[in-house]
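# Tertiary structure, described
This is what each chain is made of:
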Amino acid sequence: MSHLHPLLVAAAMATIGTRSAGAQPATLAGTTAPEVTFVVLLGKDTLAVERYTRTATALSGQLTSPSQRIVQSWRIDLAPGDGRASGARTAVSPLGDDGNAASGKPLQSVAVSLVGDSAVLSGDGGERRIAVPAGTLPYVNLSAGVLEQILRQARSVGGDQVTLSLLPFGSLQTIPAAVRWSGPDSAAISIGGAELHAQLDADGSLLGAEVPSQGARFVRASGDLKVEPVAPPDYSAPPGAPYTATDVTVRNEVGGVTLAGTLTVPRDASSSAPVPAVVLITGSGSQDRDSATPLLPGYAPFREIADSLGRRGIAVLRLDDRGVGGSQRGDPGATSEDFAGDIRAALAFLRQRPEIDPARLALAGHSEGAMIAPMVAVSDSALAAIVLMAAPSRSGRVISDAQVAQVMKERGVPAAERDSLARLNDREREKMVAASPWLKFFFSYDPLPTARRLRLPVLIIQGETDHQVSPDQAGELAAAIRAGGDEDVTVKLIPEVNHLLVHDPSGALDGGYGSLASLKVEPAVLGAIADWLSARLVR
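Quick look at the structure, then. Note that this is a predicted model, so its numbers are computed, not measured. (Residues numbered from 1 in each chain as written. Predicted model: local features only at pLDDT ≥ 70, side-chain atom pairs only at ≥ 80, totals over all residues. Heavy atoms only, no water.)

## What about the overall build of the protein?
Each helix and strand counted, the protein has ten helices and 23 strands in total. By the compact-globule yardstick of 24 Å for 539 residues, the protein fits well, its C-alpha radius of gyration being 24 Å. Counting only C-alpha atoms, the protein reaches 75 × 60 × 45 Å along its principal axes. For the protein, buried positions account for 55% of its 539 residues. (Helix = DSSP H or I, 4+ residues; strand = E, 2+ residues; numbered from the N terminus. Rg over C-alpha atoms; globule rule 2.2 N^0.38 Å. Buried < 20%, exposed > 50% of the residue type's maximum accessible area, 1.4 Å probe, protein only.)

Now the structure itself:
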């Protein structure tokens, strides 16, 4: 929940603000079409460039992400007759300096075979068989070619509203795609709660699309568009900083993954004068070690927190999430409990470093990370303190209900219609929960029993305009910690600060984050964290 997690507001939201029209069924194109190029833009920033080609038996493309410096080559085999997917494969490679995939072994490769209600996945992690609905379509995030296939398949089914099943590459669970036609050449597609408006021509070719809530656009471009690689993220210390920054790797032997990260250490640290250290824990969704995501350019809260603490004499370890940057993906069915194992491995790594004082280690988690920090703390009595930022005190299901209600309110849905929409949302959401180990755990996990077992100093930081994790949850969490006998609990409520910990008087969820003037962490948040940790860790 570091950002509004797309699976928490499910496919029913596609029914808000759209109207029905009699879209007619159409057959899939059977002839070879020329190569098509799309650019995915977020404001003026390029999220991805894709080239794809369609034939009677296959749809294949190459999706390049300049900001993430990766190239994903993919192919979906289409069955004769109905044009549904019979299999697929993909390979993800580093982006070379020439704008193409770098030579050598791909970072990840996956093949999918679809037969009836089963999918067989094979790749680097071995072979897995999972149950899927008939007609399931392999899915590539940000792919215009796959969006076009979703629309073509929905047309072939017929009807004003169709729900298809998608299987993201590398995932063990399907997600629904709800397609609602608003005319013969336009449709709204809801995938995991993000609503996309698409336009297509009479032959079924995609002309363009946009995600209004995120400000993202799929723009058709000329085929000779050149992809300019973006420089890799800079995790080095800023000029003149009183600390160093070193790239490191952390191995979680239990989880079978190696994680990449950055360790910042005050310059005067040594084996004879070791310093305290903090491990930062990201929230839900794919984020790098700065807690950054391509959907929010300029947002890098963990870099700011690490800088603030480094100037106070505190070392900081921050890690790329599984499957992001230099970190291995690991088990696609991993849950928050597995991520807690990654943090235990990070603490073990720090305890072996001669410049780090093992008696002065702390955790600081944001959103889901603030749920994971107590899970680790109750099993590690040597921890000195934890900081919980935008921490949930309720189950994911309860939080999801509140988020859906907030989005409906912001979209102006009449009160009389909200109950029926909420029930529809519940039905679609529960399908996703049943199929996803991560969601199943998150939706059922109650943070309060763990909170009552804490026995160390705790700081709770909460923005007063947070509509993802409501401000009253800070008080509930503090009360549970104190009820368990731990009285060293500090709660800081920061006015006009949202879930991202940035200045935001409204905290609007429906596209509000992308319109903020600044995505820098509120100085009051940085100051509160640094002051509190310095008082407990720095000698």
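Read on for the rest.
## Quick notes on the nonpolar core
Residues Leu317, Leu350, Leu363, Ile386, Leu388 and Ile460 are the most contacted members of the largest nonpolar core, which totals 55 residues. Listed in part, the 51 residues of the second largest apolar core include Ile76, Ala119, Val146 and Leu167. (Core = buried A, V, L, I, M, F, W, Y, C linked by side-chain atoms within 4.5 Å.)

## Re the packing of aromatic side chains
By the definition in use, this model includes four aromatic pairs. With centroids separated by 5.3 Å and ring planes inclined at 20 degrees, the aromatic side chains of Phe441 and Tyr445 adopt a geometry described as stacked. Of the two residues, Phe441 and Tyr445, neither departs from the other in class, the shared state being buried. In textbook terms, an aromatic cluster arises when at least three aromatic residues are bridged by ring pairs, as seen for Trp438, Phe442 and Phe443. (Phe/Tyr/Trp six-rings, centres within 6.5 Å; stacked < 30°, edge-to-face > 60°.)

## Topic: unusual backbone geometry
One non-glycine residue, Leu142, lies in the positive phi region at around 70 degrees. For Leu142, the location among the structural elements is in the loop between strand E9 (137–139) and helix H1 (144–157). The backbone phi angle of Ala390 is positive, close to 55 degrees, even though this residue is not glycine. With respect to the secondary-structure elements, Ala390 resides in the loop between strand E21 (385–389) and helix H5 (396–410).

## Notes on helix H3 (residues 336–351)
Across its 16 residues, H3 extends 23 Å between first and last C-alpha, which sits within 8% of the 22 Å expected from 1.5 Å per residue. For H3, every residue scored as buried is listed here: Ser336, Ala340, Gly341, Asp342, Ile343, Ala345, Ala346, Leu347, Phe349 and Leu350. (Expected span 1.5 Å × (residues − 1).)

## Details of empty space enclosed by the protein
Where empty space is left becomes clear once a probe the size of a water molecule has been rolled over the atoms. As enumerated under the stated definition, the model contains one cavity of 30 Å³ or more in all. Of the pockets and cavities examined, the largest cavity occupies roughly 30 Å³. Ala370, Met371, Pro374, Pro392, Tyr445, Pro447, Thr450 and Leu477 together form the lining of the largest cavity. Where the lining of the largest cavity is concerned, the elements lending two or more residues are helix H4 (368–377) and helix H8 (447–451). By residue number, the principal contributor to the lining of the largest cavity is H4, which donates three residues. For the lining of the largest cavity, the residue count by class is seven nonpolar, one polar and no charged. (1 Å grid on protein atoms, 1.4 Å probe; cavity = no way out; pocket = protein on both sides within 12 Å on 5 of 7 lines; lining within 4 Å. Points joined across faces, edges and corners; volume = space filled by probe spheres on them. Nonpolar A, V, L, I, M, F, W, Y, C, P; charged D, E, K, R; others polar.)

## Quick word on the packing of helix H2 (residues 301–310) against helix H10 (residues 523–537)
Packed helices, taken two at a time, are described by their axes: the angle between them and the distance between them. One way to put it is that H2 packs onto H10 with a least axis distance of 10 Å and a crossing angle of 40 degrees. Relative to H10, the element H2 lies oblique. In this structure, the crossing between H2 and H10 has a hand that is right-handed. Contact with H2, carried on its side by Glu304, Ile305, Ser308 and Leu309, involves Leu526, Ile529, Ala530 and Leu533 of H10 and no other residues of that element. Tallied by class, residues from the contact of H2 with H10 come to six nonpolar, one polar and one charged. (Axes fitted to C-alpha atoms, helices over the stretch in contact; angles between N-to-C directions. Parallel < 35°, antiparallel > 145°, perpendicular 65-115°, else oblique. Left-handed = near helix turned anticlockwise from the far one by under 90°. Contact = heavy atoms within 4.5 Å.)

## Concerning the pairing of strand E12 (residues 186–191)
Most of E12 is tucked away: six of the six residues are buried. The side-chain alternation of E12 yields two buried faces, one formed by Ser186, Ala188 and Ser190 and the other by Ala187, Ile189 and Ile191. Sheet topology places strand E11 (residues 175–183) next to E12; six bridges connect them, and they run antiparallel. The residue bridging Arg180 from the neighbouring strand is Ala188, located in E12. The hairpin formed by E11 and E12 contains two residues between the paired strands. Note: E12 against strand E13 (residues 194–200), six bridges, orientation antiparallel. Bridge pairing links Ala188 to His197 in E13. (Pairing = 2+ DSSP bridges.)

## Quick look at the sheet that holds strand E18 (residues 275–281)
Each strand in a sheet pairs with its neighbour through backbone hydrogen bonds, running either in the same direction (parallel) or in the opposite one (antiparallel). If you walk across this open sheet you meet the eight strands as E16-E17-E19-E18-E20-E21-E22-E23, and the pairing is mixed. With partners counted over all chains shown, the strands left at the sheet margins are strand E16 (243–252) and strand E23 (489–494), one partner each. When the angles between neighbouring strand axes are averaged without regard to direction, this sheet yields 20 degrees. Lying over the sheet, H4 contacts E18, strand E20 (356–366) and E21, oriented at roughly 145 degrees with respect to E20. H10 rests against E18, E20, E21, strand E22 (458–463) and E23 of the sheet, and its axis sits at about 175 degrees to E22.

Spatial relationships are all this shows, so hold off on functional conclusions.
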